[in-house]
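# Examination of the molecular architecture
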Amino acid sequence: MGLSRRAFLEQLAAAGVAPWMLDECSRENETTSRTQSDEADDVSAAGFTFDLHAHPGEFFRRGLPGSDVDEAFKARVEDMAAGGMTSAFFALVADIAILEITDTGIRVSRLFEPGEAWDDYRRQLRQLRELIAVGSAREVRNLVEADAARAEGAVSAFVAVEGGDFLEGDIERLGRAYDEGVRSIQLVHYAQNNLGDLQTEPPVYDGLSPFGRDVVDGMVALGMVIDVAHASFTTVKDVADRAGVPIVLSHSLLNTPERPHPRHISADHARLIAETGGVIGLWPSGFGSETLDEFVDHTFRMIELVGLEHVGLGTDMDGNYRPVIASYQDYAAWVRALEARGLSKTEVARLTGGNVRQVLETVLKRGV
Ligand SMILES: [Zn+2]
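For clarity, every value in this text was computed on a predicted model and none was experimentally measured.

What counts as what
Residues numbered from 1 in each chain as written. Predicted model: local features only at pLDDT ≥ 70, side-chain atom pairs only at ≥ 80, totals over all residues. pLDDT = per-residue confidence, 0-100. Contact = placed C-beta atoms within 7 Å. Buried ≥ 20, exposed ≤ 12 C-beta atoms within 10 Å, placed from the backbone. Helix = DSSP H or I, 4+ residues; strand = E, 2+ residues; numbered from the N terminus. Pairing = 2+ DSSP bridges. Axes fitted to C-alpha atoms, helices over the stretch in contact; angles between N-to-C directions. Parallel < 35°, antiparallel > 145°, perpendicular 65-115°, else oblique. Left-handed = near helix turned anticlockwise from the far one by under 90°.

A word on the confidence of the model for the protein chain. When pLDDT is averaged along the protein chain, the result is 89, and 87% of the positions lie at 70 or above. Contacts for the low-pLDDT stretch residues 1-34, under 50 throughout, to residues beyond four places or in other chains number 36 contacts.

Attention now goes to the pairing of strand E6 (residues 155-162). For E6, a buried count of 8 out of 8 residues is recorded, marking the element as mostly surrounded by other parts of the structure. Alternating positions in E6 separate into two faces, Val155, Ala157, Val159 and Val161 on one and Ser156, Phe158, Ala160 and Glu162 on the other, with burial throughout. Two elements, strand E2 (residues 87-93) and E6, share 7 bridges in a ladder whose sense is parallel. Within E6, the position partnered with Ala91 by the bridge is Ala160. Bridge analysis of strand E5 (residues 137-139) against E6 gives 3 bridges, and the strand direction is parallel. Counterpart to Glu139 in the pairing with E6 is Ala157.

A word on the packing of helix H11 (residues 328-340) against helix H12 (residues 345-363). In the contact formed by H11 and H12, the axes pass within 10 Å of each other and the chain directions differ by 140°. Viewed along their axes, H11 and H12 adopt a mutual orientation that is oblique. The two elements H11 and H12 cross, and the hand of that crossing is right-handed. For the pair H11 and H12, contact is made by Val335, Leu338 and Glu339 and by Lys345, Val348, Leu351 and Thr352, respectively.

Looking now at the environment of Gly314. Residue placement: Gly314 occurs in the loop between strand E11 (311-313) and H11. Through-space distance from the C-alpha of Gly314 to that of Ser252 is 7.9 Å; in sequence the pair is 62 residues apart. Residue contacts for Gly314: discarding those within four places in its chain leaves Asp51, Leu52, His53, Ser250, His251, Gly281, Leu282 and Trp283.

Next comes the structure, spelled out in structure tokens:
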């Protein structure tokens, strides 16, 4: 599906191109009202790239019986650096202990025991830290730290959790997670939890639950990125109405009649994210595309619907089903394909990290 270049330019003009995206433009065109800190941001933002959803080496399995992920983690982080991906949400999987991967997909095998979800969150966080300690990734909590890591050639790992199950209904734990470095929570995953309704289970709460509302309020107050991937349309609408800050949907695609999938989203669902000023991470799973070219079509479809400034990438790296981006070399190939199909380097830079950077600048507290 082709994209009108003019539509892009009009969108960019309407949105106002952010100052830090002007690396291709003449400096003389910049206004004199810009501050010294804007100038500093220009320098630090150039080359910033961000994967909204990644599980390098399936690190969340480390410490479970039969799981040896150390080499895979190390190799994936090196692949990230080589492919030009400078930072990502390294996502723990809150409900992994109760999920079963079958030939036909993922299913929930049982309920959590009391305390089990919190203990497993602690295990995964500890394991991720041990992996990072001996590898070339660096755990970061804000953009200042990410920019410092990038300057030294280290991949930035922002800690995220896929599923709010680990909170176990205790809002105090949200503050603890923040203090421990968690900077994003995807409210729901495959197991029905007590935050809100999912895309893949019958509704229980008609959107966000009362506890889910407390979590949204708490995340906004603390400065954490709210991720609504896997949430039902009604849950996303409740979050978007409530948050008052940009939110992300880290990994999905627009549904198509040819390849309908319960984890894909409608046009209205996508617009909810864009209307918050947030970003939708394109999801290169085999459910939506069988070739990189098809994934590029999906990229343009999303851009045409919500605008270039609301689109990013969530590879779901090493947790994805038959992905068409199976390495960060493939990610680099996607970048080249976007340029070959008519996007400028500045436009591509928005998709690969610039848009997410704006969300992080708005949501995260500076320097803490
Ligand atoms: Zn995931």
